[in-house]
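An overview of the molecular structure
For reference, the chains in residue letters:
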Amino acid sequence: MSYIKGVSIFAERPEIGEDGVLDSLKRLVSGVLTHPVTIGKIVNQYTPKRKKNSPKSVHLVGTDRPEATMIYAGFYNEILASNALNPIKLTLVSPDEANQQLANDCSPANPMLINPRCKLTAWDGLYHDFWDKYINRKRVEEPDLVMGIHPGLHADGIYEFWEPTLELLLDKEIVTCFTVLDKEEFQSSLMRLDALFCRYLYKGINTFASNHVKQTPHDADLMWASNMYLIVFQVIFHAIFF
């Protein structure tokens, strides 16, 4: 602790003590673990029950650097631990450059066994194009779950890219989960999904959100954290037309 005390003296800031240092480390660790633990939680709670050792298929869509880093760092183990009875087929689909190396290393034609219970595939492109090329042609099975980390549905200029994928997922009755960063984004994303007549399985606070809370640049009073809210939905609510 002499190092921390020295930093406090040098920076002319109050010393936070051992408890303060420990709390800071806990917040940072929660920011690392929130992605795999949240994914594991959703797979556990919202995918169909399967016989022991029967795999479940999870598609992560709109992936960028955090999801790719999660895979490279081995944090898929938390996903597997949340679903101890079933292996996981994990597919990352995104046009982001962070996904391109994975797509080169483990394309749908050449999946990679990154763990005895986890097979990884990645594809460089938009999800509705992936569905047309691989799932419609029976080259890849339909997923048990599609999940997007911070997809940005609320943002003009981004939602337009998501709309064909959303319509596809609703039409195919695929369980879908999106995470969002703050209450403002949560409410705006719900407005977008309400317009598509989604049926919600859950919408609200994520118990495994990051505790590393930050200020939003455009509003110092608006705080955000990774995976703060969850939106889980499936199928268009047809009953409104009757």
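This text goes with the structure placed above it.
Computed from a predicted model, the values in this text were never measured in an experiment. (Residues numbered from 1 in each chain as written. Predicted model: local features only at pLDDT ≥ 70, side-chain atom pairs only at ≥ 80, totals over all residues. Heavy atoms only, no water.)

Thoughts on the nonpolar core
- Tyr-127, Phe-130, Leu-166, Leu-193 and Phe-233 are the most contacted members of the largest nonpolar core, which has 31 residues in total.
- The greatest single-element share of this core, amounting to 6 residues, is contributed by helix 7 (residues 159-171).
- Those residues in contact with Leu-166 that sit more than four places away from it in its chain are Leu-153, Tyr-159, Phe-178, Leu-193, Leu-196 and Phe-233. (Core = buried A, V, L, I, M, F, W, Y, C linked by side-chain atoms within 4.5 Å. Buried < 20%, exposed > 50% of the residue type's maximum accessible area, 1.4 Å probe, protein only. Helix = DSSP H or I, 4+ residues; strand = E, 2+ residues; numbered from the N terminus. Contact = heavy atoms within 4.5 Å.)

Here's the deal with the pairing of strand 4 (residues 118-124)
- Burial within strand 4 is extensive, with 5 of its 7 residues counted as buried.
- Two elements, strand 2 (residues 88-94) and strand 4, share 7 bridges in a ladder whose sense is parallel. Among the inter-strand pairings, Ile-88 is bridged to a residue of strand 4, identified as Cys-118.
- Pairing of strand 3 (residues 112-115) with strand 4 involves 3 bridges; the strand directions are antiparallel. Following the sheet pairing, Met-112 is matched in strand 4 by Leu-120.
- Between the end of strand 3 and the start of strand 4, which pair antiparallel, lie 2 residues. (Pairing = 2+ DSSP bridges.)

Focus on helix 5 (residues 97-105)
- Considered for burial, the residues of helix 5 that qualify are Ala-98, Asn-99, Leu-102 and Ala-103. Considered in projection along helix 5, the buried side chains sweep an arc of 130 degrees and stay on one side of the axis. Turned more than 90 degrees off the buried face of helix 5, the exposed positions are Glu-97 and Asn-104.
- Where the residues of helix 5 are buried, they touch helix 3 (65-72), strand 2 and strand 4. (Arc of directions from axis to C-beta.)

Some thoughts on helix 8 (residues 183-194)
- Taking 1.5 Å of rise per residue, the 12 residues of helix 8 would be expected to cover 16 Å, and the 16 Å separating its terminal C-alpha atoms lies within 8% of that figure.
- Of all the residues in helix 8, the buried ones are Glu-185, Phe-186, Ser-189, Leu-190 and Leu-193. Angular distribution of buried residues about the axis of helix 8 spans 135 degrees; they occupy a single face of the element.
- Of the residues that open helix 8, the one with a side-chain oxygen 3.1 Å from the backbone nitrogen of Glu-184 is Asp-182. (Expected span 1.5 Å × (residues − 1). Polar contact = N/O pair within 3.5 Å; in protein donor to acceptor, adjacent residues only side chain to side chain.)

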